[in-house]
Amino acid sequence: MDRIVIVGAGLAGGRAAVELRAQGFAGSIVLLGAEEHPPYDRPPLSKGVLSGRVEDTTLPFDLGGVEVQLGRRATGLRPGAVETDAGPVAYDGLVLATGAAPVTLPGDGPQRVLRTIDDARALRDVLKPGVRLVVVGAGWIGAEVATIAAKIGAEVTVIEAAASPLQVALGGEVGGQTIAWYAEAGVDLRLGVSVREIGPQALVLGDGEVLPADHVVVGVGVRPDTGWLAGSGLVVDRGVVVDEHLTASWDAGSDGPPVVVVGDCAAWWSRRYDRRLRVEHWDCAQGSPAVAATTLLGGEAVYDPVPYFWSEQFGRMVQVVGLAGAGDTRVWRGDPGAVAAPEAKRAPGWSVGWFAPDGRLSAIATVNRPMDAVAARRLIAADAVVDAERFTDLAIALKDLAPTA
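Residues numbered from 1 in each chain as written. Predicted model: local features only at pLDDT ≥ 70, side-chain atom pairs only at ≥ 80, totals over all residues. Heavy atoms only, no water.

Student: Explain the environment of V49 here, please?
Tutor: Relative to the helices and strands, V49 resides in helix 2 (residues 48-51). Taking the relative accessible area as the measure of exposure, V49 reaches 0% and is therefore buried. For the pair V49 and R124, spaced 75 residues apart in sequence, the C-alpha separation works out to 7.7 Å. Not counting residues up to four positions away in its chain, the partners in contact with V49 are P44, V54, T57, A120, R121 and R124. (Helix = DSSP H or I, 4+ residues; strand = E, 2+ residues; numbered from the N terminus. Buried < 20%, exposed > 50% of the residue type's maximum accessible area, 1.4 Å probe, protein only. Contact = heavy atoms within 4.5 Å.)

The following block contains the structure:
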């Protein structure tokens, strides 16, 4: 290969350029980004940027020797060329890193999302004491936006169609432990409520209630940004379908140069979980480019991490490691209902683990117990069988909880 094109200039795309150079590729690298910004970090958007603590999250990548073309959006793909809004770009090796796009709701009223640094700065500018903010979705982004807005003094209402926050990610019983956090922060949380449409100055809820709002933020999930690949010949199914080496497949009748996929838009095959996964978290964008670069350059590498994610909400650090199975048993470590002692700044942390039928620890969610998350990640990666009774004992550090098999 003489010319590798990377489509997408976020963390995953920028990291791919760095990895290709680090692994010895001396040819031409072209990095195409739809935004006008060089690669930047997204997690601080709903934390530091929205609160005003951070202004710039540009990543310190050395892109010397990389042809960076910003403000150039991919519009189509054919073997050997990426079509863009400024004309075709030829390639003989391709990295797809286009990420995901937020889902929006019906209605002709204005609705905000939080995906780009421009989104974060624009929302920050309108968050003032007394402003009526409605957040649709009590997932990760919704909770983080509500946290910052409530601190600023906005009148915050969160609408969630499910019976608890984080129900999809953690299940109703675990997600339900966060309900009290909203009340503590002065946020009006409405569960089991749908949104029919968003109007000019209000939302119309599923039961017909009209809820006035100065601003609406929609945080109901994202979809992989793959629409531009329609008719390209690449296999797409809720993401670009790739194998465990992150190699994409051309469908029958199509053939082209090698293509690898990284980050949110990759639907990759996991040997660990024996199924296809698409993980929309920073850890995937950070870790997958090294494997993709090795694969593209003809080496052997497998992408099969233990998924990891974190969130800062309502004064708490929440971390999630691994993937729980349908038949797993939930085991608590600490008391989610415990209150802070008079001399303590906050309530004690807690964790909850999911154990597979054979005794393996398959997943953990932690609240203000970061060392539990670190230790559990090692145990899960090792497919460790763990004594569930000892897991419940807070006097035993998880790092000292040796596997039983």
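Student: Would you mind going over the sheet that holds strand 15 (residues 215-218) with me for this structure?
Tutor: What holds strands together in a sheet is hydrogen bonding between their backbones, with the strands either parallel or antiparallel. Spatial ordering of the open sheet is given by 11-10-9-15, a layout of four strands whose pairing is parallel. Looking at the sheet topology across the chains shown, the edges are occupied by strand 11 (188-191) and strand 15. Neighbour to neighbour, the strand axes of the sheet diverge by 15° on average, direction disregarded. Pairing of strand 10 (residues 155-160) with strand 11 involves four bridges; the strand directions are parallel. From the neighbouring strand, I159 faces strand 11, where its bridge partner is R190. (Pairing = 2+ DSSP bridges. Axes fitted to C-alpha atoms, helices over the stretch in contact; angles between N-to-C directions.)

Student: Looking at this structure, how should I read unusual backbone geometry?
Tutor: Backbone phi values are negative for most residues with the exception of glycine, while trans is the configuration of most peptide bonds. Of note, R238 is a non-glycine position whose phi angle comes to about 55°, a positive value. With respect to the helices, strands and loops of the structure, R238 is situated in the loop between strand 16 (222-224) and strand 17 (240-242). Of the residues examined, R238 reaches a relative accessible area of 67% and is grouped as exposed. A positive phi is found at D274, a non-glycine position, where the angle reads about 55°. Summarising the element assignment, D274 is placed in the loop between strand 19 (266-270) and strand 20 (275-277).

Student: Can you walk me through the environment of E184 in this structure?
Tutor: Mapped onto the fold, E184 is located in helix 7 (residues 179-184). Note: C-alpha distance between E184 and D255 (71 residues apart in sequence) is 57 Å.

Student: Is there a simple way to explain helix 1 (residues 11-22) in this structure?
Tutor: In an α-helix, one turn spans 3.6 residues, which is why side chains three or four residues apart end up on the same side. With twelve residues, helix 1 extends 16 Å from end C-alpha to end C-alpha; this agrees with the ideal 16 Å at 1.5 Å per step. Counting buried residues along helix 1, nine of its twelve residues qualify, which places the element largely inside the surrounding structure. By the burial criterion, the buried members of helix 1 are L11, A12, G13, G14, R15, A16, A17, E19 and L20. For helix 1, the secondary structure elements touched by its buried residues are strand 1 (3-7), strand 2 (28-33), strand 3 (66-70), strand 7 (93-96) and helix 8 (282-296). Backbone geometry just after helix 1 places G24 at a positive phi near 100°. (Expected span 1.5 Å × (residues − 1).)

Student: Which parts of the structure should I look at to understand the packing of aromatic side chains?
Tutor: The relation between two aromatic rings is expressed through the spacing of the ring centres and the mutual angle of the planes. Scanning the model with the defined rule gives seven aromatic pairs in all. Between the aromatic rings of F355 and F391, the centroid separation amounts to 5.3 Å while the plane-to-plane angle is 85°, which identifies the pairing as edge-to-face. Linking F355 in strand 24 (residues 350-355) with F391 in helix 10 (residues 388-391), this pair joins segments that are 36 residues apart in sequence. The positively charged end of R333 is found above the aromatic ring belonging to F391, 5.8 Å away from the centroid. (Phe/Tyr/Trp six-rings, centres within 6.5 Å; stacked < 30°, edge-to-face > 60°. Lys NZ or Arg CZ within 6 Å of the ring centre and 35° of its normal.)

Student: Hey, could you run me through the pattern of salt bridges in this one?
Tutor: Where charged atoms of side chains with opposite charge meet at close range, the side chains can pair. Following the criterion strictly, the structure yields 22 salt bridges and no others. In this structure, E55 and R124 form a salt bridge, with 2.9 Å as the shortest nitrogen-oxygen distance. Remark: R124 occurs in helix 3 (residues 117-126) and E55 occurs in the loop between helix 2 and strand 3; sequence separation between them is 69 residues. On the basis of relative accessible area, E55 is assigned to the partly exposed category, the value being 41%. R190 is the partner of E209 in a salt bridge, and the nearest nitrogen-oxygen pair spans 3.1 Å. Taken together, the positions of E209 in the loop between strand 13 (202-205) and strand 14 (210-212) and R190 in strand 11 put the pair 19 residues apart, joining distant regions of the chain. Take E209: its relative accessible area is 32%, and that puts it in the partly exposed class. When its relative accessible area of 22% is taken as the criterion, R190 is described as partly exposed. Each member of the salt-bridge network shares a partner with another, and the members are E55, R121, R124 and D125. (Salt bridge = Lys/Arg side-chain N within 4 Å of Asp/Glu carboxyl O.)

All quantities given are derived from atomic positions and should not be read as evidence of function.
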